[in-house]
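Here are the chains, one letter per residue:
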Amino acid sequence: MARPRAAPYVFVAPFVAIFLAFSVYPLVFTARLSLTNWRGVGDPMWVGWDNYAYLLTNDRFWSSLWNSAVLWVLIVPVQLVVGVIVAVLLNSAKLQLRGMYRVAFIVPFVMPLVAVAQIWVVLFDEGYGAVNSLLGSVGLPNVGWLTTGTWAKPTLALLFLWKTTGFIVIIMLSGLQSIDSVLYESASLDGASWSRQLRSITVPLIRRTIMFVVVLQTLAVFQMFAEPFVVTQGGPYSSTTTAGYFLYNHINRADLGTGAANSLLLVVLVMALSLMFVRMLRVEDGS
Amino acid sequence: MTRTPRTAQTAKPTGARRLTSGHFGRTLAIQAFLMLLLVAFLAPVVWAILSSLKPANDIIRAPLVFDPSSFSLDNYTAMFEDVPIVRGFGNTGVVLVFKGAITMFFAPLAAYGFAKYDFRGKNAIFGMVLITLMLPTIVLIIPLLLEMKTLGWVNTYQGLILVGAIDAFAIFWMRQVISSVPDELLDAARVDGCSEFGIYWRVIVPIIRPALAGLAVLTIMNIYNDFVWPVVIASSDQRATLQVVLSTLAQNITGNRIGADYATVTGELLAASSVALIPLLILFVLLQRHFINGILAGSVKG
Amino acid sequence: MRTKGPLSRYMRWLATISVLAILALGLVACGSDESTATDPAPTTSDSATTSDSATTSDSATTTSTAPTGNDASNGDLLQAPTEDSPEGQITIWDRSGDLYEVFDATIVRFNEKYPNIIVNHLAVDIDAKLQNTLITGTDVPDGVFLDDAKIGGFSDFLWDLSDVLAPYVDDIASQKVDVNTIDGGVFGVPFDLDPGLLYYNETALAEAGVDATLIETYDDLLDAARDYQATNPESGPIHLEQSPFLGQLQLEMFASQLGTSMADAAGELRLDSPEYEQILTFLDTVREEDLGTRAEYLSPTDIAELENGNQVFYPWAIWFSFAPQQLLTETTGDWRAMELPAWEAGGARSGAMGGSSFVLPREGENSELAWLFYEFLMFDEAGYSAVWGPNDVYPTGLNTSIPSYLPAADPTAPLFEPVEALGGQDLWAVATEAGAQIPGGTPLPSWWAGAVDYLGNNIQRMLDGDLNPSEVISRSTDEIQENLVDRQ
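Only a predicted model underlies this, so the values are computations on that prediction, with no experimental measurement involved.

### Topic: the overall build of chain C
Summing up its helical and strand segments, chain C has 19 helices and 14 strands in all. When burial is assessed residue by residue, chain C has 53% of its 488 residues classed as buried. In chain C, 76% of the contacts between residues at least 6 apart in sequence involve partners at least 24 apart.

Below is the structure:
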């Protein structure tokens, strides 16, 4: 069927206009900046690839990527599993209190982050926090949630999960809309168990949504900045200095060139990761 | 919980058929699981709200002790006096309405273009969408601010609204959703003489309505929560949004800067955050029914 | 003028958007012909205009920043206004909270002296905004409240205040002048002096038979802690800071006592010195003998250990004083402040920990009027009395710092009243006498806060028992040199 040629251009034009104005221009600026040692004042001095060379040979740059990678492992799989299960449960028309749950899970997403920082300190304080009090009441030892390099990442991951899982549930719910409820009805008539339905109907049919969430959260985890900024300031021992936070450190010190180089390296990395996930999706589509 | 008649109809017979003891046990397990999750999700928020009612010193001194007899609205009174939160709400409202409208109108439209048309440069332009998603905001701030200065948009609504409008995430997601709408429906509408935009509006939009409701919620929340850019572009007296007001308030207690007004600020911050929750919760209660209404179920597939 | 221009532009812009939206909605009907479908074209052209102007702005921006840069190397000197009754409007940024309110209340007094200067006083998230504002030159304020540790990083954007400060400079605490002096220029109007003091729980110590007032050196402090622990075996008498940032700030307080700091005036690292070895060894001894309570400043753990008598010595800046006043409700009244112990008998009994100044950006419109505001605030009796003396925010006065202007910091002429939470102690006298002993300092390097990732963290590793003092020094020196000093 022949389709008008102009229409799609018209549809995407507003986005392209905004994109050119507020993304391409800063991007070009950033790319130029990454080759200079500009500190915000005076004329930028050209330093070629120095900033990149410095970062690529710097332990801390790599450990910021490592920290983000660990957080990714702690966050994304958990979020997928919890997100799918909760969305499926909330999608069921016969679930009691469904509306209340849907509202409740999104509340953390609305809680201003600056307040969350206060909450987290109170929950996870080593000596007198709520979580350790709970653990203590069942005879478990105190854990240095925010004070040891071992536990700070899981604590930060928990914060991120708490804050964003409601968001993921909404996306998953929309994915579930495309599944014909007849499929479930016939499956349960055939005696397929709930978990079997989940595995053989739900997950395959919302695979694209799942991959979308994976890509989205990969981007979010590697850019994660505000959470460590307000809660841990990247510590203890830089264990929560994420890729996004490390980048901020340069910019905060007015080392704008290094900051620009760092962010472009990060863009390349997340792009590669995203492409990898998208390819995985395509391969599965093809089979 | 009102449901659309259609859902109720399809649900009832199935539900009746399944009401055996095994199913009862499963329902109980599901409820227990969701309840547990609900408690975990809400406990911190409940802590914040209850704490906002305590005397400010006690929030820090005895964070886990709640004595209802000491509850008062003192933190709220102080907060409304010290913090320009009403102006913050007003500015956030303006930004929300316009930025939200722009995103909700143009993002699904662009997504439709990407999902259902082949055109020269499509991949390149969609690549732009992805790049926009991948760029960390922090690094764009200085170039953007220089640009705003040239445009004369510093401390204006334009600067707050247009930068980051037509969210790339929204396009990315809606493209995902729209591409699952069967092409046959579009072709049928085309045969009926619909314009290309008419197809979008009459065919696509009704089908993806639940996703649009979800997008509306997430868009609203993203705009509402955004503070990295607004803090820079808006100054506190004129165009400060709610989050700018909050982060200005919190600066004396975040990032190792505990000041002499540690307790006061903590009390006011928790009060302000509790107040900030209210409009979104109301909105969300109103919108959540639309996420799922079974319009698509059974009517599209085949 | 402020509202009308942008407002009308904004209204026009709004109108455009609405017209477009209505146009688009008009196209909804099915059955319309092809030409209508492509009609949203206005959208395209309109947006294209936006992007056009943005693209042209590219070159404009580049050229507009360049001259700014050239100015920067000139190191301009601010001159005081000469007219009798200067007039104009100044924009002043302060951090939100108590100090904002204190400063805000002084504006009335300022206007009694300068009736024609309008002060536009804003509470601003300075950390988030200042750097971006200065680099891009957008809406630059006339005066800004800034941490001393940040001044080095911004000096290129600030007025050199040497000339205007000349009449006062001999009467300002030398440490404060020194931290504001970069390459011979003075870039901030010194605000507060934050002397380090030894806070101690007198009641708890007296019960254990320990007399804190006899402590003269850090060795005495260790002995007192040992004595206290002998009667209170569960206790960790001395506070050990667990926040890397505040730990580093406290380390610099100890160093300031010895007249040194992380970097010398030329910005060269000087951590590798007997002074730092001595300080770190002291902290390491506290750890090794289990004489400390390790906690983050005023975290729930810290507060609980202060209240239950386990933690009785808190060597900290004067601003700890608000803790017994507001947070330590059970032990309020039990606390006292005294001079810090000396590192060697007869040595200085205090060092500076933190502090802020007022800076005047060179791109501010009325910087010279802002100077008059700060001159009034800091060097006029009506000004500094309004800041530190009893006011609406602090009915007994602002007792978390003292003035750095020496005539204002007279031990016998207190601005704030004795502190009930310190058992009615005259904190003013203690603090001003301690403040007078603080040796001169050096400007804080612009990378000071960045060093927390290295030095701050390495101190914590030492307190974990993973590094010894000399390892902290050598490691931090290498890391700071490579990642901060060499990257300047």
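### Quick word on the packing of helix 11 (residues 244-257) of chain C against helix 12 (residues 274-288) of chain C
Residue and element names in this part refer to chain C. Direction vectors running N to C along helix 11 and helix 12 enclose 125 degrees, while the axes themselves pass 10 Å from each other. Relative to helix 12, the element helix 11 is oriented oblique. Judged by the twist between their axes, the crossing of helix 11 over helix 12 is right-handed. Between helix 11 and helix 12, the residues in contact are Leu 251, Phe 254 and Ala 255 and Glu 275, Tyr 276 and Ile 279, respectively. A class-by-class count of the residues in the contact of helix 11 with helix 12 yields five nonpolar, no polar and one charged.

### Some thoughts on the domain arrangement of chain C
Many descriptions give the size of an interface as the accessible area lost when the pieces come together. All names here are of chain C. According to the domain assignment, chain C consists of domain 1 (88-193 + 354-408) and domain 2 (196-353 + 430-485). Computed from C-alpha coordinates alone, the two centres of domain 1 and domain 2 are separated by 28 Å. Taken together, the contacts link 18 residues of domain 1 with 22 residues of domain 2. Within the residue set of the side of domain 1 that touches domain 2, elements represented by two or more residues are helix 6 (148-154), helix 8 (174-179) and strand 4 (181-182).

### Quick word on the confidence of the model for chain C
Residue and element names in this part refer to chain C. Residue-level pLDDT values for chain C average 86, and 85% of them are 70 or greater. Per-residue pLDDT stays below 50 along residues 1-8; that stretch engages in one contact with residues further than four places along the chain or on separate chains. The model gives residues 21-29 a pLDDT under 50, and that stretch makes 14 contacts with residues more than four places away or in other chains. Interface confidence for the predicted complex, expressed as ipTM, amounts to 0.87; the pTM equals 0.86.

### Here's the deal with the environment of Ile 438 of chain C
You can see Ile 438 of chain C is positioned in the loop between helix 17 (427-435) and helix 18 (455-463). With 26 C-beta atoms packed within 10 Å, Ile 438 of chain C lands in the buried category.

### Quick word on unusual backbone geometry
Glycine aside, residues mostly have negative phi, and peptide bonds are mostly found in the trans state. The peptide bond linking Gly 235 of chain A to Pro 236 of chain A adopts the cis configuration, its omega dihedral lying at -10 degrees. Mapping Pro 236 of chain A onto the fold places it in the loop between helix 11 (226-231) and helix 12 (243-252). The phi dihedral of Asn 155 of chain B is positive, around 60 degrees, even though this residue is not glycine. As for its placement among the helices and strands, Asn 155 of chain B is situated in the loop between helix 7 (137-151) and helix 8 (157-162). The exposure class of Asn 155 of chain B is buried, given the 20 C-beta atoms found within 10 Å. Of note in the backbone geometry, Ile 166 of chain B takes a positive phi value of approximately 50 degrees without being a glycine. Its place among the elements puts Ile 166 of chain B in the loop between helix 8 and helix 9 (168-178). Overall, Ile 166 of chain B belongs to the buried group, with 27 C-beta atoms counted inside 10 Å.

### Quick look at the interface of chain B and chain A
Across the contact, 86 residues belong to chain B and 84 residues belong to chain A. If one sorts the elements of the side of chain B that touches chain A by residue count, helix 2 (residues 21-51) of chain B sits on top with eleven residues. When the residues that make up the side of chain B that touches chain A are grouped by side-chain class, the tally is 61 nonpolar, 19 polar and six charged.

### Here's the deal with the sheet that holds strand 6 (residues 189-190) of chain C
Residue and element names in this part refer to chain C. Strands sit in the order 2-1-3-13-6 across an open sheet of five strands; the sheet is mixed. Strands at the two margins of the open sheet, each flanked by one partner only, are strand 2 (117-123) and strand 6. One ladder, built from two bridges, connects strand 1 (residues 88-94) with strand 3 (residues 143-147); its direction is parallel. Note that in strand 3 the partner of Ile 92 across the bridge is Gly 143. The sheet contacts of helix 4 (residues 98-113) involve strand 1 and strand 2, and relative to strand 2 the element is tilted by about 175 degrees.

### Thoughts on the environment of Ile 141 of chain B
Summarising the element assignment, Ile 141 of chain B is placed in helix 7. Each C-alpha atom, one on Ile 141 of chain B and one on Met 221 of chain B, is 21 Å from the other, the two residues being 80 residues apart in sequence. When sequence neighbours within four positions are dropped, the list of residues in contact with Ile 141 of chain B reads Val 232 of chain B together with Asn 132 of chain C.

### Description of the pairing of strand 12 (residues 335-339) of chain C
Residues and elements named next belong to chain C. With four of its five residues buried, strand 12 lies for the most part within the structure. Bridge count between strand 8 (residues 196-201) and strand 12: five bridges; the pairing is antiparallel. Paired with Leu 197 across the bridge in strand 12 is Glu 339.

### Looking at the nonpolar core
Soluble globular proteins: nonpolar side chains tend toward being buried together. Residues Ala 110 and Ile 171 of chain B together with Leu 197 and Phe 373 of chain C are the most contacted members of the largest nonpolar core, which totals 337 residues. Of all the elements, helix 1 (residues 6-33) of chain A adds the most residues to this core, at 17 residues. Contact partners of Phe 373 of chain C, with chain neighbours within four places excluded, come to Ile 90, Ile 92, Phe 110, Val 119 and Gly 143 of chain C.

### A look at helix 1 of chain A
At Ala 13 of chain A, helix 1 of chain A shows its strongest bend, of approximately 45 degrees, with the proline Pro 14 of chain A following within four residues. Of all 28 residues in helix 1 of chain A, 22 are buried, a share of seventy percent or more.

### Thoughts on the packing of helix 7 of chain B against helix 5 (residues 126-136) of chain C
Packing of helix 7 of chain B against helix 5 of chain C leaves a shortest axis separation of 10 Å and a crossing angle of 55 degrees. In this view, helix 7 of chain B runs oblique relative to helix 5 of chain C, as classed from their interaxial angle. Every pair of crossing elements has a handedness; the one defined by helix 7 of chain B and helix 5 of chain C is right-handed. Facing Ile 141, Ile 142, Leu 145, Leu 146 and Lys 149 of chain B of helix 7 of chain B, the residues of helix 5 of chain C in contact are Asn 132, Ile 135 and Thr 136 of chain C. Partitioning the contact of helix 7 of chain B with helix 5 of chain C into residue classes produces five nonpolar, two polar and one charged.

Rules used in this analysis
Residues numbered from 1 in each chain as written. Chains lettered and ligands numbered in written order. Predicted model: local features only at pLDDT ≥ 70, side-chain atom pairs only at ≥ 80, totals over all residues. Helix = DSSP H or I, 4+ residues; strand = E, 2+ residues; numbered from the N terminus. Buried ≥ 20, exposed ≤ 12 C-beta atoms within 10 Å, placed from the backbone. Contact = placed C-beta atoms within 7 Å. Axes fitted to C-alpha atoms, helices over the stretch in contact; angles between N-to-C directions. Parallel < 35°, antiparallel > 145°, perpendicular 65-115°, else oblique. Left-handed = near helix turned anticlockwise from the far one by under 90°. Nonpolar A, V, L, I, M, F, W, Y, C, P; charged D, E, K, R; others polar. Domains from an automatic or database assignment. pLDDT = per-residue confidence, 0-100. Pairing = 2+ DSSP bridges. Core = buried A, V, L, I, M, F, W, Y, C linked by C-beta atoms within 7 Å. Bend = angle between axes of the 7 residues up to and from the residue.

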